[in-house]
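Report on the structure
Given next are the chains, with one letter for each unit.
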Amino acid sequence: MTSLALAADPFAALVADLDQVIGHVAAHQPRSLQRRLGPSEIGCPCHRRIGYKLAGVPPCHHSMKWEAYIGTAFHAQIAKDLEAILAPDGWPRFLVEQKVHVGQIAGEDIDGTSDVYDRVSGYVIDWKLVGKTSLARYRARGPGAQYQVQVHTYGRGWRLRGFPVNGVAIAFLPRSERFERRHFWGEPYDEHIAVQALAQVDAIDAAIKAAGVQALPLLSTANAGCHHCDWFRPGSRDVTRGCPGELALPHPTQSLIELIAPKEGPWPCPPSPTPTTS
Ligand code: SF4
């Protein structure tokens, strides 16, 4: 922090201090610091991006997680608002911001924090605050594989806790438009979506364990928001340290994972245990 009393330009010093506070908090939110893969990353269509994280390759840059900062504040507010609502049985209708165990990757537990479980409908809900262009895209084309996998994975977490899961939903909420533009997407819960995605990440992990970072150039890529990717390094020639981006890459003719991943289903789904709350 600068000392405002000593600063030649107190206004510039004030702005610098506020930038520093927001930047520090945004960079130190739990999701920004998370080392282990979480449900939001499991369905990422870019296998290389998953590979970087599993291999522990240091990010090429630390971008300011401004969207995450706004999102965290929104999550805290909506959680407070929903917690106050009771179901007909007199208990809270919505279970919010709860830790769920969603499965394992290479024998390690994968946990996540689910935004909402509705005890009345049996739906698992995830919030997404999105900009105008993204909102229009989600309205037109649905949530995309990554978000779909994420919310089904949370569904699995609730089911493993013994709660009935009838459906999953994503609420796309406008960050810069009127609330009426909000878009709710939903579909019946399908555990196979989560189990299949976990198996795929397991295969990527096996490739990384077998070949280390040398597996990274062989993993398939997809434009999963390259400009927001922690490993995006424009012009990179050493893919083991940073990626030049999907459009700049020659594509492997066949993904390493397609060669070694287990074939699709049927995937075993364990039985439901007794419900627990926390
Ligand atoms: S920069 Fe793009 S292609 Fe490269 S790892 Fe990241 S998301 Fe994948």
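The sections below set out a description of the structure shown in this document. (Residues numbered from 1 in each chain as written. Predicted model: local features only at pLDDT ≥ 70, side-chain atom pairs only at ≥ 80, totals over all residues.)

**Describing the packing of helix α7 (residues 144-160) against helix α8 (residues 191-211)**
Under the convention used in this document: Note on geometry: axes are C-alpha line fits, over the in-contact stretch for helices, and angles between N-to-C directions span 0 to 180 degrees. Working definition: helices are DSSP H or I runs of at least four residues, strands are E runs of at least two. Numbering for both runs from the N terminus. The scheme is simple: roughly parallel for angles under 35 degrees, roughly antiparallel for over 145, roughly perpendicular for 65 to 115, oblique for anything else. Note on contacts: each residue gets a C-beta atom placed from the backbone, and two residues are in contact if those atoms are within 7 Å. Put simply, Ala, Val, Leu, Ile, Met, Phe, Trp, Tyr, Cys and Pro go in the nonpolar bin, Asp, Glu, Lys and Arg in the charged bin, and everything else, Gly too, in the polar bin.
Packing of α7 against α8 leaves a shortest axis separation of 8 Å and a crossing angle of 105 degrees. Between α7 and α8, the angle falls in the class roughly perpendicular. Facing α7, whose interface residues are Q148, V149, H152, T153, G155, R156 and R159, α8 presents E191, I193, A194 and A197. Across the contact of α7 with α8, the residue classes break down as four nonpolar, four polar and three charged.

**Notes on the site of the ligand**
Under the convention used in this document: Nearness here has a simple definition: the residue's C-beta atom, placed using the backbone, must lie within 6 Å of the molecule or strand.
Near the ligand lie 13 residues; those nearest to it are C46, C226, C229, C243 and E246. Among the residues making up the shell around the ligand, the classes are represented as seven nonpolar, three polar and three charged.

**Quick look at the environment of A222**
What counts here: Labels follow a simple rule on C-beta atoms placed from the backbone: if 20 or more others lie within 10 Å of a residue's own, it is buried; if 12 or fewer, it is exposed; otherwise it is partly exposed.
In this structure, A222 sits in the loop between α8 and α9 (256-260). Here A222 falls in the partly exposed class, since 16 other C-beta atoms lie within 10 Å of it. Taking the C-alpha atoms as reference points, A222 and L247, 25 residues apart in sequence, are found 8.6 Å from one another. Filtering out sequence-adjacent residues up to four positions away, A222 remains in contact with P45, C46 and E246.

**Examining unusual backbone geometry**
Unusually for a residue other than glycine, E97 sits at a positive phi of about 50 degrees. Relative to the helices and strands, E97 resides in strand β1 (residues 94-105). C-beta crowding within 10 Å serves as the criterion here: with 15 such atoms nearby, E97 is assigned to the partly exposed category. At A106, a residue that is not glycine, the phi angle is positive and equals roughly 50 degrees. One can find A106 in the loop between β1 and β2 (108-118).

**A short note on the nonpolar core**
Buried together is how nonpolar side chains tend to be arranged in soluble globular proteins. Counted only if it meets this: Think of a nonpolar core as buried Ala, Val, Leu, Ile, Met, Phe, Trp, Tyr and Cys residues, each tied to the set through C-beta atoms within 7 Å.
In this structure, V124, V201 and I204 are the most contacted members of the largest nonpolar core, which totals 51 residues. Here the element with the most residues in this core is α8; it accounts for 10 residues. Not counting chain neighbours up to four residues away, the residues in contact with V124 comprise S114, Y117, V151, Y154, G155, W158, V165 and V168.

**As for the environment of I125**
Inspection of the secondary structure puts I125 in strand β3 (residues 123-130). Since 22 C-beta atoms lie within 10 Å of it, I125 is described here as buried. For the pair I125 and G186, spaced 61 residues apart in the sequence, the C-alpha separation amounts to 8.7 Å. In this view, I125 contacts D115, V116, D118, A169 and A171; residues no more than four positions away in its chain are not counted.

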